[in-house]
Amino acid sequence: SDTGPLPTVHVASYNFTESQLIANLYAGALNAAGQPAEVQVMANRETIVPALEKGTEVQVAGEYAGSLTEFLNKQVNGASAPSVASSDLDATMATLRNLAGQKNLVVLNPAQASDQNAFAVTREFAKQNSLTNLTQLGEYSQSDPVIIGGPPECPKEPDCLPALKDSYDVNVAEFVSLDAGGNGVRTALREGRIDVGMVLSSDGVLDEFGLVILQDDQNVQPVDNVVPVVNREATTSLIESTLNNVSAKLTEDALQSLNYSVEWEGADPATVAAAWLALNELG
């Protein structure tokens, strides 16, 4: 019997380009597979995760393995719980799935594409001070405390400001609240308003701003592969297979190139996502 059209799935997106691209990849692939879907832009993880758990407003989100693991770890095991995400993808995914299960969430297959927090400086600053990694930044900052820019939640997130202070002994003069790896940070770096900016490893346009990433030479950053997360009640085999197919094709190069098209060439995320899906026979 015909049960009528499938209910529309709402794919949550964070308010930054890459997240909107991923949400559009998911929604576009779902629509092409016969599952109506639309993108809903929301503020942050604090808003999206509880909404996903409830499943009334949004049912799917593109997330990041390590960041989501730590977020859920604090929710399930308390704010002072020791970190459980690591630079080991399999171990982190196992932990993530366990935590997500306690929150009414299903975590699908990770993409090869990853988006770790990274810290950038201008090419000139790196050259002048012979900096290639974060250990050297820590040493440099002892005599020259640095101004750091990043998203508002950076001072509290273990793999943002605390990682610089605790693991690399970076002497921070000031923290400037900007955006999550977007033009706010890039422009502030280029204009010299900050010395170091939190960027994303998948950023396609750092080069255009004359910026370089300082190597995380102690492997402090946990893996942050892109993963689809679905509300348990909303999960269907069609949704699972469709989103896993997207993950299977989404490489790091693909993500950087998608980001470049939107951030640098000014293309629309939905248009760029649709073109990529068509090219990969998913749209």
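Scoring rules and cut-offs
Residues numbered from 1 in each chain as written. Predicted model: local features only at pLDDT ≥ 70, side-chain atom pairs only at ≥ 80, totals over all residues. Heavy atoms only, no water. Axes fitted to C-alpha atoms, helices over the stretch in contact; angles between N-to-C directions. Helix = DSSP H or I, 4+ residues; strand = E, 2+ residues; numbered from the N terminus. Parallel < 35°, antiparallel > 145°, perpendicular 65-115°, else oblique. Left-handed = near helix turned anticlockwise from the far one by under 90°. Contact = heavy atoms within 4.5 Å. Nonpolar A, V, L, I, M, F, W, Y, C, P; charged D, E, K, R; others polar. Phe/Tyr/Trp six-rings, centres within 6.5 Å; stacked < 30°, edge-to-face > 60°. Buried < 20%, exposed > 50% of the residue type's maximum accessible area, 1.4 Å probe, protein only. Pairing = 2+ DSSP bridges.

K.L.:
Break down the packing of helix H1 (residues 17-32) against helix H9 (residues 237-249) for me, with residues and values.
P.N.:
At their nearest, the axes of H1 and H9 sit 9 Å apart, and the two run at 130° to each other. Between H1 and H9, the crossing angle belongs to the class labelled oblique. Between H1 and H9 the crossing geometry is right-handed. Counted together, Leu25, Tyr26, Ala29 and Leu30 of H1 and Ile239, Thr242, Leu243 and Val246 of H9 form the full contact between these two elements. Its residues assigned to classes, the contact of H1 with H9 comprises 7 nonpolar, 1 polar and no charged.

K.L.:
Describe in detail the packing of aromatic side chains, supporting the description with residues and values.
P.N.:
With the rule as written, the count across this model stands at 3 aromatic pairs. Between Tyr14 and Phe16 the ring centres are 6.1 Å apart and the planes differ by 15°, which places this aromatic pair in the stacked class. Just as Tyr14 is buried, Phe16 falls in that class too. Ring plane angle 70° and centroid distance 5.9 Å describe the contact between Phe209 and Trp264, whose orientation is recorded as edge-to-face. Remark: Trp264 occurs in the loop between helix H10 (252-263) and helix H11 (269-279) and Phe209 occurs in the loop between strand E8 (196-200) and strand E9 (211-214); sequence separation between them is 55 residues.

K.L.:
Hey, could you go over the sheet that holds strand E3 (residues 60-64) for me, with residue numbers and the actual values?
P.N.:
With mixed pairing, the 5 strands of this open sheet are ordered in space as E2-E1-E3-E10-E4. Each edge of the sheet is formed by a strand with only one pairing partner; in this case those strands are strand E2 (37-41) and strand E4 (105-107). Each adjacent strand pair in this sheet contributes to an overall mean axis angle of 30°, direction not counted. Alignment of strand E1 (residues 9-13) against E2, held across 5 bridges, turns out to be parallel. Residue pairing in the sheet places Ala12 in a bridge with Gln40 of E2. Where helix H4 (residues 89-101) meets the sheet, its contacts fall on E4 and strand E10 (226-231), and the angle it forms with E4 comes to roughly 160°.

Read these as geometric descriptors, not functional statements.
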